[in-house]
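# A closer look at the structure
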Amino acid sequence: MTSTAVSVPMPTVPRRRRSPEEVHSAAPVTGPRKVLLAAPRGYCAGVDRAVIAVEKALEHYGPPVYVRKQIVHNLHVVSTLEEKGAIFVEENDEVPEGALVVFSAHGVSPAVVQSAADRGLRTIDATCPLVTKVHREAVRFAKDDFDILLIGHEGHEEVEGTSGEAPEHIQIVNGPEDVDKVTVRDPDRVIWLSQTTLSVDETMLTVNLLKARFPTLQDPPSDDICYATSNRQAAIKKISPSADLVIVVGSANSSNSVRLVEVALEYGAKASHRVDFANQVDEAWFEGVSTVGVTSGASVPENLVQDVLNLLAQYGYGDVEEVVTAEEDIIFSLPKEIRAALKAMGDSSRGLGGRGQRPAS
């Protein structure tokens, strides 16, 4: 059977850049130029765990290893794994019967798990444990016959996976604009859950509007928005009031990266742009800019941030101040299928995967 891989285009070669002298003469900057570098930024524990799971699968089973959807939402990570032999597909029916498939960090519905079993696929579940927590909450409250209001972006893989746990009990609420459309069977048996990568502020706005309609609406047992999303948003909130420009490194389909651009603008940055790679930075953004904020989404490897910092240094922004708002030391075990394989093969190199520490600058 022929499989259709997910195409991940590499960035195009940019047009000739204007020199630093040309940029500075176009809009002179008074005073020193500097960079405020957010910390935490970049890889979270769940992303690290998922990427390591694919790398270990390739190492121990050999290519090809199939991955349903992008393992994490980052073009560089996906293309790097493709070079090592990973094949990214949209659905299980693109995977040859009996082959190995990895489920992405965003999670899958029970129907996807069943379709893999029906095709005799060997599976590795790389779902982030924090997403799994939301799945379990959905199952628990559906079993207790609650209406579940799932705040998230319809069509996002994480939302599809969570809603698939109890579709008859779950309504997706995209944001504040959807609140008036919500209907429930019993206002006293309603709970809200959320996608893990949303804007904290917008989510709470939606929750408050829902509670105005349903005063007895219950909160999740613990926060659904993950620690990494919250921490990265907190860091950019601190930087943005002092920034003329904020650059967020992250892919367009990365919800948490897109939210960082929005949060930067909401909290005072004069301009904010998202890029996958340093060569997508437009030097025109530097005109009249003295302070640049830099951060990255939770699925972005640190080398991509360093590429942006190197480019900024070429344009006179070599003074980098790291702004630390939290320390992260979360560790997740690798998926049980990988741990079992490592143990059987005597490989003790990394039974634990996903150390979400603050990246070194």
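First things first, this report covers the structure right here in the doc. (Residues numbered from 1 in each chain as written. Predicted model: local features only at pLDDT ≥ 70, side-chain atom pairs only at ≥ 80, totals over all residues. Heavy atoms only, no water.)

Let us look at the packing of helix 2 (residues 45-61) against helix 3 (residues 75-84). Running from N to C, helix 2 and helix 3 cross one another at 10°; their axes reach a closest spacing of 10 Å. Classified by the interaxial angle, the pair formed by helix 2 and helix 3 is roughly parallel. Between helix 2 and helix 3, the contacting residues are V51, V54, E55 and L58 on the first element and V77, L81 and K84 on the second. For the contact of helix 2 with helix 3, a count of residues per class yields five nonpolar, no polar and two charged. (Axes fitted to C-alpha atoms, helices over the stretch in contact; angles between N-to-C directions. Helix = DSSP H or I, 4+ residues; strand = E, 2+ residues; numbered from the N terminus. Parallel < 35°, antiparallel > 145°, perpendicular 65-115°, else oblique. Contact = heavy atoms within 4.5 Å. Nonpolar A, V, L, I, M, F, W, Y, C, P; charged D, E, K, R; others polar.)

Another point: the sheet that holds strand 3 (residues 86-89). Overall, parallel pairing links the four strands, which are arranged 3-2-4-5 in an open sheet. Edge positions in the sheet fall to strand 3 and strand 5 (122-125), since each of these pairs with one other strand and no more. Each strand of the sheet is rotated relative to its neighbour by a mean of 30°, with strand direction disregarded. Where strand 2 (residues 65-68) and strand 4 (residues 100-103) come together, three bridges link them in parallel fashion. Bridge pairing links Y66 to V101 in strand 4. Contacting strand 2, strand 3, strand 4 and strand 5, helix 2 crosses the sheet at an angle of about 150° to strand 5. (Pairing = 2+ DSSP bridges.)

What follows concerns the side chain of T203. Along the polypeptide, T203 turns up in helix 7 (residues 200-213). In this structure T203 comes out as buried when scored by relative accessible area, which is 3%. A distance of 2.8 Å separates a polar atom in the side chain of T203 from the backbone oxygen of S199. Contacts of T203, omitting those with residues within four sequence positions, involve I151, W192, S194, L198 and I225. (Buried < 20%, exposed > 50% of the residue type's maximum accessible area, 1.4 Å probe, protein only. Polar contact = N/O pair within 3.5 Å; in protein donor to acceptor, adjacent residues only side chain to side chain.)

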